[in-house]
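Okay, here's what each chain looks like letter by letter:
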Amino acid sequence: MRASLIQIAVNPDETVDARRRRAAALVREESASDLVVLPELWTVGAFAYESFAAEAETLDGPTREAMAEAAAGARVWLHAGSIVERAPEGLYNTSLVFSPDGTLVRTYRKIHRFGFDQGEAVLMSAGDEPAVAPCPKLPFGLATCYDLRFPELFRNLVDAGAHAFVVPAGWPECRREHWSLLARARAVENQAYVLACGTAGTHAGVEQAGHSVVVDPWGEVLAEAGRGEEVLVAEVDPARVPATRDQFPALKDRVLGLPLPPAPAARREGR
């Protein structure tokens, strides 16, 4: 199957409505693909915290409408990146996945929020439900940006049947080496494809890494983008996942439920 990762630029001089229309047009251009992916918070910018509340929308808002029409128009599975979702209890960083008829089949509220004691971590609520999209050719688990640093989430998704992970992100250039390393690590340890789609441009003064990447179950990079706006296209073989897991059955050797080791003894202070 063919996958297209749209590494769209978030330009502060472009309105959200204009970027939404442009993203929809880019999705429609990828009708030769089976799966199309957009980045995290591409409507507003992952670091544009001051705009989150103003640009928040409900799950039946304008981004859902535009992306449903684009998915149906191109007849593709579409991971439409994430939006700032406004819910009665607060804001969430929520991903949207559409089937080729434009139906919203999965949503995922980002579990691990970035920022420690500021930014997304305090402005948004955390999700608590992992999700796998039921793409017939390649069921894929959903993770978003900072989630990439937490391997236990990905093991959960493997146990739920994921053969790939789709990771939209707004990853900063200053930590780009981590982005590439972690994408390969998640692929190798789970023997699954990783399709990680970042943004180009600058979000609220934070330069974006770009470098969207597709990694196969052996950890080989099949395709990698540069820094600017582009569409990264890669051929993905769904049969490679079970073949890899059969050829090198490391996942079968997991030992689960180990007890915690005893705490280290208190250190004595000596002279």
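Going by the structure above, here's the rest.
Residues numbered from 1 in each chain as written. Predicted model: local features only at pLDDT ≥ 70, side-chain atom pairs only at ≥ 80, totals over all residues. Heavy atoms only, no water.

A. Geometry of the packing of helix 1 (residues 16–29) against helix 3 (residues 62–74). Packing of helix 1 against helix 3 brings their axes to within 8 Å, and their N-to-C directions diverge by 20°. As summarised for this structure, helix 1 and helix 3 are arranged roughly parallel, according to the angle between their axes. For the pair helix 1 and helix 3, the crossing hand works out as right-handed. Residues R20, A23, A24, V27 and R28 of helix 1 pack against P62, T63, A66, M67, E69, A70, A71 and A74 of helix 3. Taken together, the residues of the contact of helix 1 with helix 3 sort by class into nine nonpolar, one polar and three charged. (Axes fitted to C-alpha atoms, helices over the stretch in contact; angles between N-to-C directions. Helix = DSSP H or I, 4+ residues; strand = E, 2+ residues; numbered from the N terminus. Parallel < 35°, antiparallel > 145°, perpendicular 65-115°, else oblique. Left-handed = near helix turned anticlockwise from the far one by under 90°. Contact = heavy atoms within 4.5 Å. Nonpolar A, V, L, I, M, F, W, Y, C, P; charged D, E, K, R; others polar.)

B. Representation of the environment of A24 in the model. Along the chain, A24 turns up in helix 1. Judged by its relative accessible area of 5%, A24 falls in the buried class. Each residue touching A24, except ones within four places of it in the same chain, is listed here: A66, M67 and A70. (Buried < 20%, exposed > 50% of the residue type's maximum accessible area, 1.4 Å probe, protein only.)

C. How the structure looks around helix 6 (residues 176–190). The terminal C-alpha atoms of helix 6, which comprises 15 residues, lie 22 Å apart, in line with the 21 Å expected from a rise of 1.5 Å per residue. Within helix 6 the residues assigned to the buried category are W179, S180, L182, A183, R186, A187 and N190. In this structure, the buried side of helix 6 is in contact with helix 5 (151–159), strand 9 (164–168), strand 10 (193–197), strand 13 (213–215), strand 14 (221–224) and helix 7 (240–247). Downstream of helix 6 by a residue or two, Q191 has a phi angle that is positive, lying close to 50°. (Expected span 1.5 Å × (residues − 1).)

D. How the structure looks around helix 1. For helix 1, which comprises 14 residues, the first-to-last C-alpha distance of 20 Å matches the rise-based estimate of 20 Å (1.5 Å per residue) to within 8%. Considered for burial, the residues of helix 1 that qualify are V16, R19, R20, A23, A24, L26 and V27. Projected down its long axis, helix 1 shows its buried positions confined to an angular sector of 160°, all on one face. Projecting away from the buried face of helix 1 at angles above 90 degrees are the exposed residues R21 and E29. Turning to helix 1, the residues buried within the fold contact strand 1 (2–7), strand 2 (9–10), strand 3 (35–37), helix 2 (52–55), helix 3 and strand 4 (77–87). (Arc of directions from axis to C-beta.)

E. How the structure looks around the packing of helix 5 against helix 6. Two elements in contact, helix 5 and helix 6, have axes separated by 10 Å at closest approach and are oriented at 40°. As judged from the angle between their axes, helix 5 and helix 6 are oblique. Considering only the axes of helix 5 and helix 6, their crossing is right-handed. Residues P151, F154, R155 and V158 of helix 5 form the contact with helix 6, whose participating residues are R186, E189 and N190. Class assignment of the residues belonging to the contact of helix 5 with helix 6 gives a composition of three nonpolar, one polar and three charged.

F. Broad picture of the sheet that holds strand 12 (residues 206–207). With mixed pairing, three strands are arranged side by side in an open sheet as 2-11-12. A strand with exactly one partner marks an edge of an open sheet, and here the two such strands are strand 2 and strand 12. Taken together, the two bridges between strand 11 (residues 200–203) and strand 12 define a ladder with antiparallel strand orientation. Note that in strand 12 the partner of H203 across the bridge is V206. (Pairing = 2+ DSSP bridges.)

G. Molecular detail of the pairing of strand 6 (residues 104–109). Taken together, the five bridges between strand 5 (residues 90–98) and strand 6 define a ladder with antiparallel strand orientation. Residue pairing across strands places S95 opposite Y108, the latter belonging to strand 6. Taken together, strand 5 and the strand that follows it, strand 6, pair antiparallel across an intervening segment of five residues, in which G102 is found at a positive phi of about 90°.

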